[in-house]
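What follows is the residue order along each chain.
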Amino acid sequence: MNGLSLEGIIHAFGEQPVIAGMSLDVARGELACLLGPSGCGKTTLLRLAAGLEHLQRGRIMIDGEVVANAADGHHVPPERRRVGLMFQDYALFPHLTLAENVRFGLKGASFRGFRVEEALARVGLAPFARAYPHTLSGGQQQRAALLRVLAPGPRVLLLDEPFSDLDVNRRIQVREATLDLLKEAGAATLMVTHDSEEAMFMADRILVMNAGRMVQSGSPFDIYFHPADAFVAELFGPVNRLPGLVRDRVVDTPIGRFDAPGLTDASRVEILIRLEGLAVMADDGTDNRPSFPARVASSRLLGRSSHLSLRISDGNAGYIALQCRAPGVLLPNPGDVVQICVDRSQVFVFPA
């Protein structure tokens, strides 16, 4: 296939297994995000694809060419793979100007059509062409590092947490410009991140990793609304948890009845509800959705949303603590009773 293909990758550092049987494909023009917690093997997978680590088990192909095969020891060195690798620290040369850094990858090769000055102008860096990296902001350094990676026309791009050193506001601005550049480059792009929102924004496809294994692969929509298990669901933020018991393929809870397809009767389950899956209803009587009363324990304004801590009756003289994230400003007083409804698309039932 045209793009990047990793087959049956197994890797360990000493006695410590890091990747436990990973296979994935990234097509030309596709941007795939490896999403998972720190230490799950994401960066190691990138280093193997780039040729910075030798394969212990498995095979790697780029545009149909075998660049690494553990079975026969075949290993194409990094400089001959036409792979662009961008680390989170950007690794710009401090003694070279911005233009010289971008031009560095073109030395000794004839890649037509890439004009450094035009490329710098396009990402707003033309005024800094003769500036040195230490005089630039983090966002400017990030864009310069990306241009340097793109300059030689790589077949595959490997990005390791490329926005992690930027503040929140700058990160939002820079990743949009980065996405445009990556799409125009047309290379197979594999990006590592532990930020679920970043993966949702950037990726055509999200590859969820945990403990060296692929847990789930799919579009951002599928991963968010159809998580394979509780681990995947929790990657996208905190959740409320309720225990339950399956009867006739449904689970009864104090906040409603939820389907439990594929789960056997009498099996114990855990119901996960995202914070944004609970909504406070308007008290004007215009909303006819099923609802339940909840007493407010506290409310906090987060800026674009409000966070409510709630308590609901468990039906046995006790209560269940829930959290809700409501858009905009919603600050009821502690002790107030509000009506809550549930967005069922944000509710997931898994075996306990």
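Refer to the structure printed above.
Residues numbered from 1 in each chain as written. Predicted model: local features only at pLDDT ≥ 70, side-chain atom pairs only at ≥ 80, totals over all residues. Heavy atoms only, no water.

Draft legend 1. Spatial organisation of the packing of helix 4 (residues 138-150) against helix 5 (residues 168-185). The contact between helix 4 and helix 5 brings their axes to 10 Å, and the two run at 10 degrees. Between helix 4 and helix 5, the angle is such that the two are roughly parallel. Along its contact with helix 4, which presents G139, Q142, L146, L147 and L150, the element helix 5 presents R170, V174, T178, L181, L182 and A185. Grouping the constituent residues of the contact of helix 4 with helix 5 by class yields seven nonpolar, three polar and one charged. (Axes fitted to C-alpha atoms, helices over the stretch in contact; angles between N-to-C directions. Helix = DSSP H or I, 4+ residues; strand = E, 2+ residues; numbered from the N terminus. Parallel < 35°, antiparallel > 145°, perpendicular 65-115°, else oblique. Contact = heavy atoms within 4.5 Å. Nonpolar A, V, L, I, M, F, W, Y, C, P; charged D, E, K, R; others polar.)

Draft legend 2. Spatial organisation of the environment of V329. Along the polypeptide, V329 turns up in the loop between strand 19 (319-327) and strand 20 (337-342). For the pair V329 and S299, spaced 30 residues apart in sequence, the C-alpha to C-alpha distance is 10.0 Å. Sequence-distant contacts of V329, defined by excluding residues within four places in its chain, comprise L301 and S306.

Draft legend 3. Representation of the pairing of strand 9 (residues 188-193) within the structure. Of all six residues making up strand 9, six are buried, and the element is well covered by its neighbours. What you see with strand 9 is no split at all: A188, L190 and V192 on one side and T189, M191 and T193 on the other are buried throughout. Assessed by its sense of winding, the connection that carries the chain from strand 8 (residues 156-160) through helix 5 to strand 9 is right-handed. (Buried < 20%, exposed > 50% of the residue type's maximum accessible area, 1.4 Å probe, protein only. Right-handed = clockwise from strand over helix to strand, strands pointing away.)

Draft legend 4. Quick peek at the pattern of salt bridges. In this structure the tally under the stated criterion is 11 salt bridges. Here D63 makes a salt bridge to R28, at a shortest N to O gap of 2.8 Å. Residue D63 is located in the loop between strand 4 (57-62) and strand 5 (65-69), and its partner R28 is located in the loop between strand 2 (16-27) and strand 3 (31-35); the two are separated by 35 residues in the primary sequence. The class of D63 is partly exposed, set by a relative accessible area of 23%. (Salt bridge = Lys/Arg side-chain N within 4 Å of Asp/Glu carboxyl O.)

Draft legend 5. Just the packing of aromatic side chains, in detail. Taken as a whole, this structure holds five aromatic pairs when the rule is applied. Here F221 and F225 contribute two aromatic rings whose centre-to-centre distance is 4.8 Å and whose plane-to-plane angle is 45 degrees, an arrangement assigned as tilted. With F221 and F225 both in helix 7 (residues 220-225), this residue pair falls four residues apart, about one helical turn. The rings of F221, Y224, F225 and F236 are connected pair by pair, giving a single aromatic cluster. One Lys or Arg, R175, reaches over the ring of F201 and ends 5.1 Å from the middle of that ring. Between R274 and the ring centre of Y224, over which it is positioned, the NZ or CZ distance is 3.9 Å. (Phe/Tyr/Trp six-rings, centres within 6.5 Å; stacked < 30°, edge-to-face > 60°. Lys NZ or Arg CZ within 6 Å of the ring centre and 35° of its normal.)

Draft legend 6. Spotlight on helix 1 (residues 42-50). A large share of helix 1 lies buried, amounting to seven of its nine residues. Inspection of helix 1 places K42, T44, L45, L46, L48, A49 and A50 among the buried residues, and these make up the whole buried set. At the C-terminal side of helix 1, G51 shows a positive phi close to 95 degrees.

Draft legend 7. A look at the sheet that holds strand 3. Strands sit in the order 7-8-9-3-10-11 across an open sheet of six strands; the sheet is mixed. Here the strands that pair on one side only, and so sit at the sheet edges, are strand 7 (83-86) and strand 11 (213-218). Here the strands of the sheet are splayed against their neighbours by 15 degrees on average, with no regard to which way each runs. Where strand 7 meets strand 8, four bridges bridge the pair, whose relative direction is parallel. Within the sheet, the bridge partner assigned to G84 lies in strand 8 and is L157. The sheet strands contacting helix 5 are strand 3, strand 8 and strand 9, and the helix crosses strand 3 at an angle near 125 degrees. (Pairing = 2+ DSSP bridges.)

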